[in-house]
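Residue-level structure breakdown
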Amino acid sequence: MLNRLKISARLSLGFGTLVLFSIVLIGIGAFGLNVADKSLAGITKQLIPANIVATRAKVSLIQSRAAQMTMLASFGNTEAIRKAKQEWDSHQVEIDKAAADFVAYAVTPQNQKSLADFKTFTKDWRDVLVPAMGKLDAGGYASMADAVQAMQPADKSYDLAFKLVAGIDTTMAEGSAALFKKVAQAMSAIYLTLLSVSPS
């Protein structure tokens with residue numbers, strides 16, 4: 001059938017086919033780039049910043065525990081106890097700031113619940129520690145063992161808060177890795193498609 005067409009008609013048909021082929025390739029490429037762009041935006045604007053905030057909270061919790069242990073180890077040394085308490089207070093500011101910053105990334109019901117639970121756990125933790133630390137500073141305990149016993153009920157709330165924020169940290173990291181994998185797979189599929197439909 002093509003043999004019956006004039007050369008001009010054949011050229012026109014070939015040129016039209018080439019234009020159509022180019023449009024298809026451009027469309028596939030644009031779609032793939034759009035998917036990749038959205039995925040990368042989710043990683044850079046949501047998952048990575050949220051992961052950083054969760055890590056900040058985790059580090060501040062660890063530093064708070066260290067300051068608490070320093071206070072207990074400084075039993076009888078008022079100056080050292082007060083210095084450790086100041087450090088503990090500064091870490092509480094960082095914990096609250098991290099919780100406030102995480103609000104912007106708590107876009108799912110699960111993340112919102114985790115944030116609310118974290119605030120509850122840290123409040124319960126402080127409700128026990130703050131009075132005990134004040135009494136320790138005032139020399140109100142007969143021995144270090146008494147101070148340790150007074151602060152011990154706070155451990156459960158601390159452990160819950162730490163476990164929660166560590167879980168958020170891990171979940172965010174896994175989510176970032178999963179998105180990177182999806183982007184890589186999408187780009188690979190696009191390139192394979194382009195190669196498969198390319199004229200020999």
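A brief look at the structure comes next. Only a predicted model underlies this, so the values are computations on that prediction, with no experimental measurement involved.

Here the focus is the overall build of the chain. Along its length, the chain carries 5 helices and 0 strands. The linear arrangement of helices and strands in the chain, starting from the amino end, is α-α-α-α-α. The proportion of buried residues among the 200 residues of the chain is 30%. For the chain, the share of sequence-separated contacts (at least 6 apart) that also reach a separation of at least 24 residues comes to 78%. Here the chain has roughly 12,200 Å² of accessible surface; of this, 65% comes from carbon and sulfur atoms.

Let's shift gears to empty space enclosed by the protein. Tallied over the entire structure, the rule returns 1 cavity of 30 Å³ or more. Taken as a whole, the largest cavity encloses approximately 90 Å³ of empty space. If you go around the largest cavity, the residues you meet are Val 53, Ala 54, Ala 57, Ala 98, Ala 99, Phe 102, Ser 114, Leu 115, Phe 118, Val 165 and Ile 168. Among the secondary structure elements, those contributing two or more residues to the lining of the largest cavity are α1 (7-73), α2 (78-102), α3 (109-137) and α5 (154-197).

Attention shifts here to α3. A turn of α-helix holds 3.6 residues, and therefore any two residues three or four places apart point the same way. Over its 29 residues, α3 runs 41 Å from end to end, which matches the ideal 42 Å to within 8%, given 1.5 Å per residue. Immediately downstream of α3, the backbone of Gly 139 shows phi near 75°, a positive value.

The tally for this structure, following the rule as stated, stands at 8 salt bridges. The residue Arg 65 makes a salt bridge to Asp 155 at a minimum N-O spacing of 3.5 Å. In this pair, Arg 65 is assigned in helix α1 and Asp 155 in helix α5, connecting sequence segments 90 residues apart. Among the residues examined, Asp 155 registers a relative accessible area of 26% and is labelled partly exposed. Among the charged side chains, a salt-bridge network with shared partners connects Arg 56, Lys 97 and Asp 101.

For the rest of this paragraph, the subject is the nonpolar core. Leu 61, Phe 102, Phe 118, Trp 125, Leu 129, Leu 136 and Met 151 are the most contacted members of the largest nonpolar core, which has 34 residues in total. Listing elements by their share of this core, those giving two or more residues are α1, α2, α3, α4 (144-151) and α5. Setting aside chain neighbours within four positions, we find Leu 129 in contact with Gln 68, Trp 88, Met 151 and Ala 154.

Running from amino to carboxyl end, α2 crosses α3 at an angle of 165°, the nearest separation of the two axes being 12 Å. With respect to their mutual orientation, α2 and α3 come out roughly antiparallel. Crossing of α2 over α3 shows left-handed handedness. Here Thr 78, Ile 81, Arg 82, Lys 85, Trp 88, Gln 92, Ile 95, Asp 96, Ala 99 and Phe 102 of α2 come into contact with α3, specifically with Asn 111, Leu 115, Phe 118, Lys 119, Thr 122, Trp 125, Arg 126, Leu 129, Val 130, Met 133, Leu 136 and Asp 137. Taken together, the residues that form the contact of α2 with α3 break down as 12 nonpolar, 4 polar and 6 charged.

Conventions used here
Residues numbered from 1 in each chain as written. Predicted model: local features only at pLDDT ≥ 70, side-chain atom pairs only at ≥ 80, totals over all residues. Heavy atoms only, no water. Helix = DSSP H or I, 4+ residues; strand = E, 2+ residues; numbered from the N terminus. Buried < 20%, exposed > 50% of the residue type's maximum accessible area, 1.4 Å probe, protein only. Contact = heavy atoms within 4.5 Å. Areas by Shrake-Rupley, 256 points an atom, 1.4 Å probe, with all protein chains shown as cover. 1 Å grid on protein atoms, 1.4 Å probe; cavity = no way out; pocket = protein on both sides within 12 Å on 5 of 7 lines; lining within 4 Å. Points joined across faces, edges and corners; volume = space filled by probe spheres on them. Expected span 1.5 Å × (residues − 1). Salt bridge = Lys/Arg side-chain N within 4 Å of Asp/Glu carboxyl O. Core = buried A, V, L, I, M, F, W, Y, C linked by side-chain atoms within 4.5 Å. Axes fitted to C-alpha atoms, helices over the stretch in contact; angles between N-to-C directions. Parallel < 35°, antiparallel > 145°, perpendicular 65-115°, else oblique. Left-handed = near helix turned anticlockwise from the far one by under 90°. Nonpolar A, V, L, I, M, F, W, Y, C, P; charged D, E, K, R; others polar.

What is shown is where atoms sit, not what they do.
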